[in-house]
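# Notes for the structure review
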Amino acid sequence: MIRYEKFAGFKGKLVLVGFGSVGQGSLPLLLRHLDISPSQILIISGDDSGHAQADQAQVAFKVCPLTPANYREVLDPILGAGDFLLNLSVNVSSLALVEFCHAREALYLDACTEPWQGGYTDARLSPSERSNYGLREQALALRKQLGDGPTAVLSHGANPGLVSHWVKQALLNIARDTGHDIATPQTRNEWAALARNLDIKVIQCAERDTQTAKPFKRIDEFVNTWSIDGFVGEGLQPAELGWGSHEKRLPADARHHDSGCDAAIYLQRPGMRTQVRGWTPLTGAYQGFLITHSESISIADYFTLKQDGELRYRPTVYYAYHPTDATVLSIHELSGRNFKLQSHTRLLMDDIEFGTDALGMALMGHPKGVYWYGSMLSIEEARQLAPYNNATSLQVAAGVLGGMVWALENPHAGIVEPDEMSFERVLEIANLYLGEMVRQYSDWTPLQDRQALFQEDIDLTDPWQFKNFRVN
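Now for a look at the structure at hand.

Cut-offs applied
- Residues numbered from 1 in each chain as written.
- Predicted model: local features only at pLDDT ≥ 70, side-chain atom pairs only at ≥ 80, totals over all residues.
- Heavy atoms only, no water.
- Helix = DSSP H or I, 4+ residues; strand = E, 2+ residues; numbered from the N terminus.
- Rg over C-alpha atoms; globule rule 2.2 N^0.38 Å.
- Buried < 20%, exposed > 50% of the residue type's maximum accessible area, 1.4 Å probe, protein only.
- Contact = heavy atoms within 4.5 Å.
- Areas by Shrake-Rupley, 256 points an atom, 1.4 Å probe, with all protein chains shown as cover.
- Lys, Arg positive; Asp, Glu negative; His and termini not counted.
- Charge placed at Lys NZ, Arg CZ, Asp CG, Glu CD.
- Phe/Tyr/Trp six-rings, centres within 6.5 Å; stacked < 30°, edge-to-face > 60°.
- Lys NZ or Arg CZ within 6 Å of the ring centre and 35° of its normal.
- Expected span 1.5 Å × (residues − 1).
- Polar contact = N/O pair within 3.5 Å; in protein donor to acceptor, adjacent residues only side chain to side chain.
- Pairing = 2+ DSSP bridges.
- Axes fitted to C-alpha atoms, helices over the stretch in contact; angles between N-to-C directions.
- Parallel < 35°, antiparallel > 145°, perpendicular 65-115°, else oblique.
- Left-handed = near helix turned anticlockwise from the far one by under 90°.
- Nonpolar A, V, L, I, M, F, W, Y, C, P; charged D, E, K, R; others polar.

What follows is about the overall build of the protein chain. If you tally the helices and strands in the protein chain, you get 14 helices and 25 strands. A compact globule built from 472 residues would reach a C-alpha radius of gyration of about 23 Å, and the protein chain, at 21 Å, matches this within 12%. Looking at the protein chain as a whole, 63% of its 472 residues qualify as buried. Taking as baseline every contact in the protein chain between residues at least 6 positions apart, the subset at least 24 positions apart corresponds to 74%. Carbon and sulfur atoms form 49% of the exposed surface of the protein chain, whose accessible area is close to 18,800 Å². Between the mean site of the 41 positive side-chain charges and the mean site of the 56 negative ones, the protein chain shows a separation of 2 Å.

Our focus in this paragraph is the packing of aromatic side chains. Applying the stated rule across the entire model yields 16 aromatic pairs. Taken together, a centroid distance of 6.1 Å and an interplanar angle of 75° make the contact between Phe19 and Phe61 edge-to-face. Of this pair, Phe19 sits in the loop between β2 (14-17) and α1 (21-33) while Phe61 sits in strand β5 (residues 60-63); the two residues are 42 residues apart in sequence, bridging distant segments of the chain. Ring centres of Trp191 and Phe423 lie 5.6 Å apart, and the angle between their planes is 85°; this geometry places the pair in the edge-to-face category. Note that Trp191 is positioned in helix α7 (residues 188-197) and Phe423 in helix α13 (residues 423-430), a separation of 232 residues in sequence. Within the aromatic cluster, the residues linked to one another by ring pairs are Trp243, Tyr318, Trp444, Trp464, Phe466 and Phe469. Directly above the aromatic system of Phe100 lies the positively charged group of Arg104, at a separation of 3.7 Å from the ring centroid. A cation sits over an aromatic face here: Lys368 above Tyr441, 4.6 Å from the ring centre.

For helix α5 (residues 132-146), which comprises 15 residues, the first-to-last C-alpha distance of 21 Å matches the rise-based estimate of 21 Å (1.5 Å per residue) to within 8%. Against α4 (94-103), β12 (238-242), β14 (264-270), α9 (294-302) and β24 (415-416) lie the buried residues of α5. At the N-terminal end of α5, a side-chain oxygen is found 3.4 Å from the backbone nitrogen of Tyr133, two or three residues along, and the residue is Ser131. Gly147, located one to two residues past α5, shows a positive phi value of around 70°.

This brings us to the sheet that holds β24. One open sheet holds the 7 strands; their spatial order is β5-β4-β2-β6-β7-β8-β24, and the pairing between them is parallel. Of all strands in the sheet, those bounded by a partner on one side alone are β5 and β24. Of the strands in this sheet, β2, β4 (41-45) and β6 (84-87) touch α1, which is tilted by about 175° from β4. Each of β6, β7 (107-110), β8 (152-153) and β24 touches α4; the most contacted strand, β7, lies at about 165° to it.

When two helices pack together, their arrangement is given by the angle between their axes and by how far apart the axes lie. The N-to-C vectors of helix α6 (residues 162-177) and α7 enclose an angle of 50°; their axes lie 10 Å apart at closest approach. Put simply, α6 runs oblique to α7. Crossing geometry of α6 relative to α7 is assigned as left-handed. For the pair α6 and α7, contact is made by Lys168, Leu171, Leu172 and Ala175 and by Trp191, Leu194 and Ala195, respectively. Residues of the contact of α6 with α7, tallied by class, amount to 6 nonpolar, no polar and 1 charged.

Another point: the environment of Ala54. With respect to the helices and strands, the residue Ala54 is situated in helix α2 (residues 51-56). Separated by 21 residues in the primary sequence, Ala54 and His33 place their C-alpha atoms 17 Å from one another. With near-sequence residues (within four places) excluded, Ala54 lies in contact with Ile43, Val59 and Phe61.

Moving on to the environment of Pro270. Within the fold, Pro270 resides in strand β14. Since its relative accessible area comes to 18%, Pro270 is described here as buried. Spatially, the C-alpha atom of Pro270 lies 5.4 Å from that of Gln237, the residues being 33 residues apart in sequence. Those residues in contact with Pro270, other than ones at most four positions away along the chain, are Gly235, Leu236, Gln237, Pro238, Ala239 and Phe339.

What follows concerns unusual backbone geometry. That bond from Asn159 to Pro160 is cis: its omega, 0°, falls within 30 degrees of zero. With respect to the helices, strands and loops of the structure, Pro160 is situated in the loop between β8 and α6. Note the cis peptide between Lys214 and Pro215, where omega equals 0°. As for its placement among the helices and strands, Pro215 is situated in the loop between β10 (212-213) and β11 (221-224). Residues other than glycine seldom take positive phi values, yet Asn91 does so here, at roughly 65°. Turning to its location among the elements, Asn91 is positioned in the loop between β6 and α4. Phi angles above zero are rare outside glycine, and Ser155 is one such case at about 55°. Looking at the element boundaries, Ser155 is found in the loop between β8 and α6.

Next comes the structure, spelled out in structure tokens:
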């Protein structure tokens, strides 16, 4: 029998809210690497999915969807000081649970800052209010209101989560490869100064997923390798990106937010109808969807330099996502239905036959062009590493494990974002489940092979302008 290293001890109760693909994929890792017994864990799920897995692991399982009306009543007799609430649900307010945990001196971690059900598509809210920027500003306001207290880690899966740590490691790698003799930065300003000095103009979360399953997507079916409700919800939010200081012109359909850090903009269109060019070592150039993610905002904000209140440096940051080919077809069908979800959905897991999820951070504009750093995880490797996972879910579960260990080792950090955590410690743990960590340079730019048949509105003087990435 394999003996797995225990990274952290835990004597309290672990309440796992939500047990979809990420929850089911995370449970084996938590049981392996936390000094915890199954009797200390309670799963609260919105449906019966995964019940058999919980029973096999001898973990208590309760079907009870959390709502604004019942979450306090449900959690009050369960959660106390020193316990841990791991929120891997959708349609449950992260900020409500953070505030609840703070009052009870319990630790908290989620993989995405979620609103209550309907919050992403509430027509009564402005696009800014429905954005991840808006949710993040609410979280930062809550941090200011609550002050110090038990650790609550926001948005720490793969992306958002691990990608923030990969950016820091990538910066150190580029610095070393370009002859910069530097010590590891210790402060936010030092990290931003390093990025500026390396001339990083664009930080693109570049993901290409080639996992393929049989049967292939059917008509009136939405298929995906992770939460379908979660993906559709964020895909219907406005496309968002951190807005860099090198950008010359705001897109015609772009808007600034009226308040907050002003590190990001949003477009007057959903991410599922916005495409951008990207590059990964797996397939080379591709067109992905500009799906809003909180790392696009938090990384841009973290790497902002100002002097006397004036912006001096910030990279453009965004997520360029090419999911499985079947998921792309699902998106096209969903868009043609005016975003009315298909009658049937399928989470790809055991039916995946082959393929790889290449998820990494592409840092662009420096003297060596593009540097991609991230996880190249095949379905075969994922199945060997942990049960109940595909390549996508395991990358997220690795981030959950790394973030939870950091939280247990730093239990009084208050509300924190991934950018504020120790990247070395988190990656030391997460890398066990990420397959091959690839680091590769490329001379690709979004101007390559352009204007062969038609004239385009592009900027030939600076390939790293956002207008050159956007697909029109």
